[in-house]
Amino acid sequence: MRWARRLIVRLRSVFRRDRAERELDAELKFHFDQQVAENVAAGMRVADARAAARRVIGSVAYLKDECRNSLGLTIIDNVNQDVRYAIRALRKSPAFAATAILTLALGVGANAAVFSVVNAVLLRPLPYHDPDQIVAIGSSFTNRPLSHLFRQISLPDFQDWQAQSAAFQALAFYGGRQTAVTIGATADYALVTRVSPEFFRVFDAQPVLGRLFSIDESKSGSTGAAVVSDAFRQRYFGNGEHALGQTIRVFDRAVSIVGVLPGSFDFPAGTDIWFPDDATENSTRTVRAALNRLAVGRLKDDTTLERAQAELTAIATRLQQMYPASNKGRGVSVIRLRDDLVGNVGLTLYLLLAAVALVLLIACTNLATLLLARATARSQEIAVRAALGASYGRLVRQMLAEGVVLALISGGAGVLLAVWGTKALVALAPADVPRIAEAAVDARVLVFALAVSAIASLLMALVPAWQASRVDVEHALRLGGRRGGLGGRSGLAREALVTAELALSVVLLASGGLLIQSLVALQRVALGFRPEHVLVVGATIRTTSDPQKGSTLFFRDLLRQVSTIPGVTAAGATMAPPGHIDSSSSYWIDHLPKELNTNAPQAVMSIVAPGTFAALGIPFTRGRDFHDGDTPAAPATAIINDALARQAFPGQDAIGHTIFCGFDSLNPMVIVGVVGDVRQAGPEREPSPECYMPYLQHFYNGNTLSLVVRSTVNPTALIDTVRRKAYDLSPEVPVRFTTLEALIAEHVAAPRFRALLVGLFAAVALGLAIVGIFGVMVYVVTQRTTEIGLRMALGATPRDVRWLLLKRGLVITGIGLAVGLVTSLGLTTPFLGSLLFGVKPTDPTTYAVVAGILGITSLMATYIPSRRSARIEPLVALRHE
């Protein structure tokens, strides 16, 4: 029974199943004893009966297989054997194994890293109760200039929606901005969001400490209250309950902190303090034309998004009929809050996910080519195994096992790369990508990486497995291992795979080229000002009983002192630095109509101090700058840009005309100057009509300004000096610093992110494709060594041999280029058209450059092996045969 004991030991070592061992022993003993008993009953001696039983059992091979099959272990054992064999095969080819693992790990890691960002931003639910029921509501306009500004709503419209709508559990409005707050003796900036009483009900948010606003605290004239974020609490009061009851000064009111929200609640993103909106005086509350708030709502459980949209559209239509002066052409839009937060970011992330998927596909194609080459080189081994009885199914399973082993090892390495890649993506991503800080390699990302690895293993192993199953045993054995026995089909399969690699690489290269060209065009666009060497200093002072003596004196004195700093060539102040729009309004020329309406032309409104245009490098077309004489006692003045002059005064001189703006008053302002156009909404948008007003005449809106300081030195070198001068004037005024170049860079952050990553993926794809074609040509040279030697022995020159192989490589490259260019032209227009600036999706220059790069690199990858083939000695090659 020695064989049975060995079988039991093997089962124990592999499966550790005591029950299986007992069943196997019992089954073997039963069959053996039964056969011996039958033989003795037939009249045989005991010894002869035992010998006959052994012969009948057939050395118990039958029983062994039957028992193992009954226990379901045969297939598992075979798979275990295939896996061990695959590991041994990889250990015998360390260079191949390292190349394959690194290539696939790069593809899996890149996909997992991008998916971790997509998961955090797009797929993970918002951290609120039933988040799909929360919607964002905004005004919508058709054929309206500055339409990108009008996501905002008017408060009277909101009140009508709230009173007439039956689709919402709760509706709320809000509005936030960075503003100065005082915490004890510390003056600092914080993002303060003013909210209506229903705001927290929309999100079903509950504080971790304290309470929310009471109804009385939300009413006008009350003392007010503040709810703060957990980050704000920790920053100023530590982790305990010390924040509750503390007094902070916000909007020039001293209010108590009554609650702390959990760290998971972050809406609007980055908010430090939530303040009841009704607790502040709001002169625009009854002005239906004033669009100055945002709105959110929670749908009722039985209400769909479409129903809510239809209901509010009907209300908006009635409001247009009731208030044509202010509401004509004004509709309403209702979208999921998650979709509103993501915006255009979703398109960028899906683009990156598609790009890395192509990289993975190229990597799998490359590895399939390598595995196919190995299968060809191992044709002798495959033929011997087939001749000894191995079935084609077993051969295919062996190839698949090698692919699975490679995929599992590469997947583990890819997850490690994904951890690093996710951190890199978070660091490179634009700051306005929502929730990107939450991106991490979590369980969902691990499952994704596992699925990608499994799919990749099938893509890698199927082609060589299919080819191995078609090996010509007789032909391979006859060759005796001198050449592969998979025949011409193997060569065609490898060339088809390399052609596919090249085509996919063209798609990525073309996409990356278009995005890079778009980024270059965006960075070269004329901004209308000079952002270099300009320091931007944000400052907010407290409103006093006499704001003219408060904000006016502070900014006037600070500008005078900053102008005397060595290296400063010009200094000014503006309500919103270039690239940022703070306000817009309707305007009228020379006289006001009898009935004001929002269908009047629109313009950006800016408050500036004297010297601002010089500091920003905005040229004057005609007229003069503001000066210290433009005070409240002097006639009101204004400066307009060329866009507004062309719109309002075609073919005329605007100087001396009067302009009325619905900004802070409807007082007439005399136009004293015209300046060049500035791309206030960012480099990608055309300049808008703009009206500039002197801060000395609009001091009620001038308590928050940004100083712009142009210097001949590095702007950051002035920070300490400017901070000290501001502190000397008023220790309670918080200041913050940046540069104008940094502010402008925010507008190109998303295009730079797209161009950088897609360009990087395209470079990786190109490298993989070149490695693929180089590997194929090296293999062709190796396989055709004897043929090349024979040709040269019969009179072929080295030049003939080189051309023979170059021609084959050029054919592969040409087909790949043609397929890739056609595919790119079909894909870039629908998917990249909205992301490009200053370049068409069918730009011929880009495609010509891509074809040239890929053609030249492919030619080099083909030329090196062909040159090597021309050096083959005929006698050596024939002796090898």
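Rules and cut-offs
Residues numbered from 1 in each chain as written. Predicted model: local features only at pLDDT ≥ 70, side-chain atom pairs only at ≥ 80, totals over all residues. Heavy atoms only, no water. Core = buried A, V, L, I, M, F, W, Y, C linked by side-chain atoms within 4.5 Å. Buried < 20%, exposed > 50% of the residue type's maximum accessible area, 1.4 Å probe, protein only. Helix = DSSP H or I, 4+ residues; strand = E, 2+ residues; numbered from the N terminus. Contact = heavy atoms within 4.5 Å. Axes fitted to C-alpha atoms, helices over the stretch in contact; angles between N-to-C directions. Parallel < 35°, antiparallel > 145°, perpendicular 65-115°, else oblique. Left-handed = near helix turned anticlockwise from the far one by under 90°. Nonpolar A, V, L, I, M, F, W, Y, C, P; charged D, E, K, R; others polar. Phe/Tyr/Trp six-rings, centres within 6.5 Å; stacked < 30°, edge-to-face > 60°. Lys NZ or Arg CZ within 6 Å of the ring centre and 35° of its normal. Patch = residues over 30% accessible without salt bridge, like charges linked within 9 Å, V, L, I, M, F, W, Y side chains within 5 Å. Areas by Shrake-Rupley, 256 points an atom, 1.4 Å probe, with all protein chains shown as cover. Salt bridge = Lys/Arg side-chain N within 4 Å of Asp/Glu carboxyl O. Arc of directions from axis to C-beta. Pairing = 2+ DSSP bridges. Lys, Arg positive; Asp, Glu negative; His and termini not counted. Charge placed at Lys NZ, Arg CZ, Asp CG, Glu CD. pLDDT = per-residue confidence, 0-100.

1. Overview of the nonpolar core
Here's step 1: Val121, Leu349 and Phe761 are the most contacted members of the largest nonpolar core, which totals 59 residues.
Here's step 2: Sorting the residues of this core by element identifies α6 (94–123), α13 (345–377), α18 (488–524), α24 (749–783), α26 (798–832) and α27 (844–869) as the ones contributing at least two each.
Here's step 3: Per element, the largest residue contribution to this core is 13 residues, and it comes from α24.
Here's step 4: With residues up to four places along the chain from it excluded, the contact list for phenylalanine 761 reads Ala110, Val114, Leu352, Ala355, Val356, Val359 and Leu508.
Here's step 5: Membership of the second largest hydrophobic core comes to 45 residues, among which are Phe555, Ala603, Cys661 and Val674.

2. Considerations on the packing of helix α7 (residues 155–164) against helix α10 (residues 305–322)
Here's step 1: Contact geometry for α7 and α10: axes closest at 10 Å, N-to-C directions at 130 degrees. Our classification of the angle between α7 and α10 gives oblique. The element α7 and its partner α10 pack so that their crossing is right-handed. Two secondary-structure elements touch here, α7 through Asp157, Asp160, Trp161 and Gln164 and α10 through Leu312, Ile315, Arg318 and Leu319.
Here's step 2: Per-class residue counts for the contact of α7 with α10 are four nonpolar, one polar and three charged.

3. Details of the packing of aromatic side chains
Here's step 1: Under the criterion given, the structure shown has 21 aromatic pairs.
Here's step 2: Each ring, one from phenylalanine 158 and one from phenylalanine 173, has its centre 5.1 Å from the other, and the planes form 85 degrees; the classification is edge-to-face. Remark: phenylalanine 173 occurs in strand β2 (residues 168–183) and phenylalanine 158 occurs in helix α7; sequence separation between them is 15 residues. Across this residue pair, the class does not change: phenylalanine 158 and phenylalanine 173 are buried.
Here's step 3: Judged by centre distance (5.7 Å) and plane angle (55 degrees), the rings of phenylalanine 200 and phenylalanine 213 are tilted. Separated by 13 residues along the polypeptide, phenylalanine 200 in helix α8 (residues 199–203) and phenylalanine 213 in the loop between β4 (209–210) and β5 (226–228) bring together distant segments of the chain. For the pair formed by phenylalanine 200 and phenylalanine 213, the shared burial category is buried.
Here's step 4: Taken together, the ring pairs connect Tyr128, Tyr174, Phe199, Phe200, Phe203, Phe213, Phe265, Phe267 and Trp274 into an aromatic cluster.
Here's step 5: In this arrangement the basic side chain of arginine 736 is found over the ring face of tyrosine 189, its NZ or CZ atom lying 4.2 Å from the centre.

4. Considerations on a nonpolar patch on the surface
Here's step 1: Among the surface-exposed residues, Val404, Leu408 and Leu450 lie close enough to one another that they form a single nonpolar patch of about 280 Å² accessible area.
Here's step 2: Checked against the element boundaries, leucine 408 lands in helix α15 (residues 392–428).
Here's step 3: You can call leucine 408 exposed: its relative accessible area is 53%.

5. Focus on helix α9 (residues 230–237)
Here's step 1: Taken as a whole, α9 has its buried residues at Asp230, Phe232, Arg233 and Phe237. Looking straight down α9, one finds its buried side chains confined to an arc of 160 degrees; they lie on one side.
Here's step 2: Residues of α9 that are buried sit in contact with β2, β3 (186–195), β4, β5, β7 (253–260) and β8 (273–276).
Here's step 3: Glycine 238 sits one or two positions beyond α9 and adopts a positive phi of about 80 degrees.

6. A word on the pairing of strand β12 (residues 568–574)
Here's step 1: Of all seven residues making up β12, six are buried, and the element is well covered by its neighbours.
Here's step 2: As paired strands, β12 and strand β20 (residues 704–711) are joined by six bridges and run antiparallel to one another. Each bridged residue has a counterpart across the sheet, and for valine 568 the counterpart in β20 is serine 711.

7. What to know about the pattern of salt bridges
Here's step 1: Per the counting criterion, the structure on display carries 16 salt bridges.
Here's step 2: Here arginine 201 ties to glutamate 198 by a salt bridge, and the two come within 3.1 Å at their closest N and O atoms.
Here's step 3: Salt bridges sharing partners connect three or more residues here, namely Arg124, Glu438 and Asp442.

8. Some details on the environment of alanine 427
Here's step 1: As for its placement among the helices and strands, alanine 427 is situated in helix α15.
Here's step 2: With 10 residues separating them along the chain, alanine 427 and alanine 437 place their C-alpha atoms 9.1 Å apart.

9. Some points on a negative patch on the surface
Here's step 1: A cluster of like negative charges, contributed by Asp130, Asp132, Asp301 and Asp302, occupies part of the molecular surface.
Here's step 2: Take aspartate 132: it is sitting in the loop between α6 and β1 (134–141).

10. Topic: the confidence of the model for the protein
Here's step 1: When pLDDT is averaged along the protein, the result is 78, and 76% of the positions lie at 70 or above.
Here's step 2: A low-confidence stretch, residues 66–73 (pLDDT under 50), is modelled with 15 contacts involving residues beyond four sequence positions or located in other chains.
Here's step 3: Here residues 481–488 is modelled with pLDDT under 50, and outside its nearest four sequence neighbours on either side it reaches 24 contacts, counting other chains as well.

11. Some points on α7
Here's step 1: If you check which residues of α7 are buried, you get Leu155, Pro156, Asp157, Phe158, Asp160 and Trp161.
Here's step 2: Where α7 is buried, its residues meet β1, β2, β9 (294–299), α10, α11 (324–327) and β10 (330–336).

12. Looking at the pairing of strand β13 (residues 584–589)
Here's step 1: Within β13, five of the six residues are buried, which leaves it mostly tucked inside the rest of the structure.
Here's step 2: The pairing of β13 with strand β14 (residues 602–608) spans three bridges and is classified as antiparallel. Among the inter-strand pairings, serine 584 is bridged to a residue of β14, identified as valine 604.

13. So, the environment of threonine 828
Here's step 1: Within the secondary structure, threonine 828 sits in helix α26.
Here's step 2: Separated by 318 residues in the primary sequence, threonine 828 and alanine 510 place their C-alpha atoms 8.4 Å from one another.
Here's step 3: Beyond its immediate chain neighbours, meaning those up to four positions away, threonine 828 contacts Ser511, Leu514, Gly833, Pro841 and Tyr847.

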